[in-house]
Amino acid sequence: MINKSNDDDSILINPQEIQKRRRSVIVDTVEDDVEIAKKLERSGDKYSNVGGKAIIELETMGRFDMPEVLRFSDFTTQDINDLSLSRQEDLLKVLITILNRCKDNPEVDIQDMLLEEMLEVLIGIKMEFNSVIHEHPWICNCQQGIETNEQIVNKTEIDLRTIQFSSIEDADKDMQKYFSSVFEQLSEEQFKMYLNVRYKNEPHVDITKITKEDEIKTLKVIEPIGFGDDEGNIYSFRFQRVKDLLDAQKMVQFKYAGKIKSIRNKKPTQNDNLLDFKTNKDKELEEIQFQQAKDLVLYAKAFSLVKYNYKDLSKDEAVNLYKKLPRSLLFRVNNFFDEIKFGVNDTREMTCPLCGETSRRSLRQEFNPFEFLPLDVDTVDREKKPTGFNIFIGV
């Protein structure tokens with residue numbers, strides 16, 4: 001687990017109070033003007049509105065596929081109409097099309113966004129063009145065991161200006177603390193084995209001169225991230241992209257469309273009791289749709305597995321390999337990505353008006369991107385701990 005800092009050293013960023021450290025604005029400059037250019041820092045505001053555009057400074061700070069800053073126009077009446085009338089299975093595709101049309105950056109494709117980045121964008125658009133007060137729908141644990149369509153959804157008001165964020169540079173520090181504690185427990189031989197894997201594709205690096213302290217200083221959250229199994233195989237993952245969800249939707253629709261259509265087209269025979277027939281048909285349809293939803297989650301996660309033993313994987317290869325991951329390895333992968341937090345990083349206490357129970361909930365996990373759209377949508381045994389010896393940044 002990554003060590004957390006105390007309150008005085010908190011890495012959480014409140015956009016109202018703390019000016020973020022950002023790289024200099026890009027300006028035409030000659031070599032002698034570098035120091036001047038460094039002083040031309042951006043506003044440091046997480047969200048702002050300039051010339052009718054929502055200006056959003058992403059917490060990934062340009063490290064992945066997105067630039068540091070994105071600009072968006074507000075949704076048009078046509079956009080809102082398209083979103084409101086979309087089928088649930090088409091909503092993500094429609095949203096991506098609209099966001100691509102609203103953005104000011106022609107070289108950017110919303111599909112290439114990390115899921116964390118897309119959430120930041122939708123929060124920013126709502127704040128700048130709609131309202132800073134957001135009604136967050138959530139379901140208490142007291143509703144477990146109740147049929148989905150009968151569960152009561154609670155709503156809690158959240159002032160979006162108070163949401164706390166962590167940047168990718170904060171995540172770097174967390175990861176360095178994590179590896180520092182791990183490296184302390186490694187023998188020199190184990191650390192040497194780690195370096196052999198870490199720098200396998202960089203033969204110019206003299207690993208005999210690298211100390212544990214040197215290695216920790218170089219660590220940053222970059223892709224891919226390799227995880228080793230007990231047999232020495234390396235599985236390389238990246239962060240999930242929006243396109244992973246789209247591709248997963250395409251796969252499950254192709255796989256299940258015929259089965260679902262066949263069930264829906266079933267007709268009762270003369271000997272069938274109509275009530276029993278409808279009950280069995282609805283149950284069969286519910287079961288196949290539940291399996292479809294499970295496969296959607298599986299495929300979306302599997303598409304973040306991009307290499308096996310340094311070789312690129314096709315989507316089919318990634319899915320087949322992901323299904324066979326040892327449980328202990330999957331735990332290390334999930335645990336690592338859960339601990340490396342950037343973007344929304346806020347925990348709130350919420351009290352259920354039904355049972356009175358108060359629980360602490362992570363907004364990073366609670367927020368559904370669709371709840372920020374301008375439409376009335378209700379959203380409705382541990383294995384061994386991971387070791388730094390089996391996690392290789394940039395591999």
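Just so we're clear, the structure is a prediction, and the values are computed from it rather than from any experiment.

A.B. asks: Can you help me understand the packing of aromatic side chains in this one?
C.D. replies: The relation between two aromatic rings is expressed through the spacing of the ring centres and the mutual angle of the planes. What the rule picks out here adds up to 16 aromatic pairs. When the ring of Tyr 47 is compared with that of Phe 165, the centres are 6.1 Å apart and the planes differ by 75°; the resulting orientation is edge-to-face. Within this pair, whereas Tyr 47 is found in strand S1 (residues 47–50), its partner Phe 165 is found in strand S6 (residues 165–166), the two being separated by 118 residues in sequence. The class for Phe 165 is buried, based on a relative accessible area of 1%. For the ring pair Phe 367 and Phe 372, a centre distance of 5.0 Å and an interplane angle of 85° mean the geometry is edge-to-face. One exposure class covers both Phe 367 and Phe 372, and it is buried. Stacked on the ring of Phe 165, the Lys or Arg Lys 46 has its end atom at 4.7 Å from the ring centre.

A.B. asks: Sorry if this is basic, but what is going on with the packing of helix H2 (residues 77–84) against helix H3 (residues 91–102) here?
C.D. replies: Packed helix pairs are characterised by how far apart their axes lie and by the angle those axes make with each other. Close contact between H2 and H3 brings their axes to 9 Å; oriented N to C, the two are set at 170°. Relative to H3, the element H2 is oriented roughly antiparallel. Crossing hand, H2 versus H3: left-handed. Mapping the contact onto sequence places Asp 79, Asp 82 and Leu 83 in H2 and Leu 91, Val 94, Leu 95, Ile 98, Arg 101 and Cys 102 in H3. Among the residues making up the contact of H2 with H3, the classes are represented as six nonpolar, no polar and three charged.

About the cut-offs
Residues numbered from 1 in each chain as written. Predicted model: local features only at pLDDT ≥ 70, side-chain atom pairs only at ≥ 80, totals over all residues. Heavy atoms only, no water. Phe/Tyr/Trp six-rings, centres within 6.5 Å; stacked < 30°, edge-to-face > 60°. Helix = DSSP H or I, 4+ residues; strand = E, 2+ residues; numbered from the N terminus. Buried < 20%, exposed > 50% of the residue type's maximum accessible area, 1.4 Å probe, protein only. Lys NZ or Arg CZ within 6 Å of the ring centre and 35° of its normal. Axes fitted to C-alpha atoms, helices over the stretch in contact; angles between N-to-C directions. Parallel < 35°, antiparallel > 145°, perpendicular 65-115°, else oblique. Left-handed = near helix turned anticlockwise from the far one by under 90°. Contact = heavy atoms within 4.5 Å. Nonpolar A, V, L, I, M, F, W, Y, C, P; charged D, E, K, R; others polar.

What is shown is where atoms sit, not what they do.
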